[in-house]
Number of protein chains: 2
Amino acid sequence: MVAADRSAIEFWFDFSSPYGYFASHRVDGVAAEAQREVRWRPFLLGAVFKETGSRPLVDVPLKGDYARRDWERLSRLYGVPWRLPARFPIATMAAARIFYWLEAAQPALAKPFAQSCYAAYFGAGRDIGDSGTLVTVGEAIGIAAGDLLAAIDDEASKQRLRAINAEALDKGVFGSPFFIVDGERFWGSDRLEMFAEWLARGGW
Amino acid sequence: MVAADRSAIEFWFDFSSPYGYFASHRVDGVAAEAQREVRWRPFLLGAVFKETGSRPLVDVPLKGDYARRDWERLSRLYGVPWRLPARFPIATMAAARIFYWLEAAQPALAKPFAQSCYAAYFGAGRDIGDSGTLVTVGEAIGIAAGDLLAAIDDEASKQRLRAINAEALDKGVFGSPFFIVDGERFWGSDRLEMFAEWLARGGW
């Protein structure tokens, strides 16, 4: 029996975030263990970085080299496929707009779409910043190309994502992945164990 | 039986780093479990931040608030005393110079001195950027005030710390705490569990 939505876990991530990708393979398991639901919340890390003055990891001297090795290591540790895409990082507003359109119009497909985007990007190295690629990803799970392209360019869709990014900032989400439960925030895929313990103990 | 020095763990930290402080309470246990020695390596995070363009956590919008709450949470989780000092962050070259002077002159006292600095700063909120405070901390473990003040101002001592900071940069140490073993690098106190697993399994 899964608890009501008010106690759902918020899982914030950017589709271009490797650590978000690794966390996406584990967050549902952590939540299920604690009998919680997960609300997947894709957002644009770039919008937040404007606020914090941060840069993409791979652009930061020293940190970039570390991260590349770390991603390989996490892939082996968790048995999750990994490839650093040729185009990386990318702007992910198209994928995020589709996600929220699905969440409203065909909610059962929103999470599968997000998982497929991650699999295409970090599993297969395909450029999910490209509309054509997103159409293929969407069609594979039964979404019509026309609906999907409309969801990218629709004004309501753009406004929805702007509101989501504003919500992320408002909640103090400054990185990807980011987990929020009952107002408590955890940043980073390497905080999933602590997050699981927090859920199990009801905090400390 | 502890292994020879060539396989010691390097524990890099800044005396003004809260996450370094929390890690300092756990790294020796992790190492002992793996029958490894630990080489404590205080350095100046500011010197590295010049390279990476990073800023102290508390100066970063959103991140600062998160970190303050996170430190309280870690203190409760690990049962480690915690106080955010009135002066924070601070420049820690004096404490670091004394550490390396001790390492050469009275090696058995180097780690106790480092632990006492952390306890004075984050446990009791005393300003270890101040020479007078460092004299008190040193005297409590039997170091003569004159020796200690000389270690701060000695030209050889300054050169030694510059060399250490250069070594940190050279090894790609961009944060605190940072752990290196057999050439493999782990960043952050929240990587200690993974680091322990790496040691136990001999990598993966």
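Above this text sits the structure in question.
Rules used in this analysis
Residues numbered from 1 in each chain as written. Chains lettered and ligands numbered in written order. Predicted model: local features only at pLDDT ≥ 70, side-chain atom pairs only at ≥ 80, totals over all residues. Heavy atoms only, no water. Least-squares fit on C-alpha atoms with pLDDT ≥ 70 in both. Contact = heavy atoms within 4.5 Å. Buried area = accessible area lost by both parts, 1.4 Å probe. Salt bridge = Lys/Arg side-chain N within 4 Å of Asp/Glu carboxyl O. Helix = DSSP H or I, 4+ residues; strand = E, 2+ residues; numbered from the N terminus. Expected span 1.5 Å × (residues − 1). Buried < 20%, exposed > 50% of the residue type's maximum accessible area, 1.4 Å probe, protein only. Arc of directions from axis to C-beta. Polar contact = N/O pair within 3.5 Å; in protein donor to acceptor, adjacent residues only side chain to side chain. Phe/Tyr/Trp six-rings, centres within 6.5 Å; stacked < 30°, edge-to-face > 60°. Lys NZ or Arg CZ within 6 Å of the ring centre and 35° of its normal. Pairing = 2+ DSSP bridges. Axes fitted to C-alpha atoms, helices over the stretch in contact; angles between N-to-C directions.

K.L.:
Explain the relation of the copies chain B and chain A here, please?
P.N.:
What relates the two chain copies is a rotation about an axis together with a slide along it. For the pair chain B and chain A, the best superposition has an RMSD of 0.0 Å and corresponds to a rotation of 180° with a translation of 0.0 Å parallel to the axis. Seen this way, the second copy is the image of the first under a two-fold rotation axis. Residue Asp190(B) of chain B places its C-alpha closer to the rotation axis than any other residue of that unit, at 3.2 Å. A symmetric contact is evident, with 100% of the interface residues of chain B recurring at the interface of chain A.

K.L.:
Hey, could you run me through the interface of chain B and chain A in this one?
P.N.:
Accessible area lost upon the coming together of the parts is a frequently used measure of interface size. Opposite the 36 residues of chain B that make contact, chain A presents 36 residues. Of the roughly 3,100 Å² buried where chain B meets chain A, counting both sides, 56% is carbon and sulfur surface. The largest share of the area that chain B buries against chain A comes from Leu62(B), Tyr66(B) and Arg73(B), three residues that together contribute 22% of it. There are eight salt bridges connecting chain B and chain A.

K.L.:
Help me understand helix α6 (residues 110-123) of chain B in this model?
P.N.:
Each α-helix winds once per 3.6 residues, and so residues spaced three or four apart point in a common direction. Residues and elements named next belong to chain B. The end-to-end C-alpha distance of α6 is 19 Å, a good match for the 20 Å that 14 residues give at a rise of 1.5 Å each. When α6 is considered as a whole, its buried residues turn out to be Ala110, Phe113, Ala114, Cys117, Tyr118, Ala120, Tyr121 and Phe122. End-on, the buried residues of α6 take up no more than an arc of 165°, which puts them together on one face. For α6, the secondary structure elements touched by its buried residues are β1 (9-13), α1 (18-24), β2 (38-42), α5 (93-105), α7 (131-140) and α8 (145-153).

K.L.:
Even after reading the chapter, I still don't get the side chain of Arg36(B), so can you show me in this structure?
P.N.:
Considering the arrangement of structural elements, one finds Arg36(B) in the loop between α2 (27-33) and β2. In this structure the side chain of Arg36(B) is engaged in a polar contact, spanning 3.0 Å, whose partner is the side chain of Asp182(B).

K.L.:
Whenever I open this one, the packing of aromatic side chains confuses me. Can you help?
P.N.:
Aromatic ring pairs are defined here through the distance separating the ring centres and the angle between the ring planes. Counted according to the given criterion, the structure contains 60 aromatic pairs over all chains. The ring of Phe186(B) has Arg73(A) lying over it, and the distance from NZ or CZ to the ring centre is 4.0 Å.

K.L.:
What exactly am I supposed to notice about the sheet that holds strand β4 (residues 184-187) of chain B here?
P.N.:
Residues and elements named next belong to chain B. Pairing is mixed across the open sheet formed by four strands, whose spatial order is β2-β1-β3-β4. If you trace the sheet from one side to the other, it starts and ends with β2 and β4, each paired once. Taken over all neighbouring pairs, the strand axes of this sheet differ in orientation by 20° on average, direction set aside. Sheet analysis places β1 next to strand β3 (residues 178-181), joined by three bridges and oriented antiparallel. Counterpart to phenylalanine 11 in the pairing with β3 is phenylalanine 179. Seen against the sheet, helix α10 (residues 192-201) touches β1, β3 and β4 and runs at an angle of roughly 5° to β3.

K.L.:
Honestly, the sheet that holds strand β3 (residues 178-181) of chain A in this entry has me stumped. Any pointers?
P.N.:
Working definition: the strands of a sheet are paired by backbone hydrogen bonds and lie parallel or antiparallel to each other. Read from one edge of the open sheet, four strands run β2-β1-β3-β4 (chain A), paired in mixed fashion. Single-partner strands in this sheet number two, and they are β2 (38-42) and β4 (184-187) of chain A. For this sheet the average axis-to-axis angle between neighbouring strands, irrespective of direction, equals 20°. Across the sheet, helix α10 (residues 192-201) of chain A touches β1 (9-13), β3 and β4 of chain A, and the angle it forms with β3(A) is around 5°. Strands in contact with helix α4 (residues 63-78) of chain B are β3 and β4 of chain A; relative to β4(A), the strand with the most contacts, it is inclined by about 100°.

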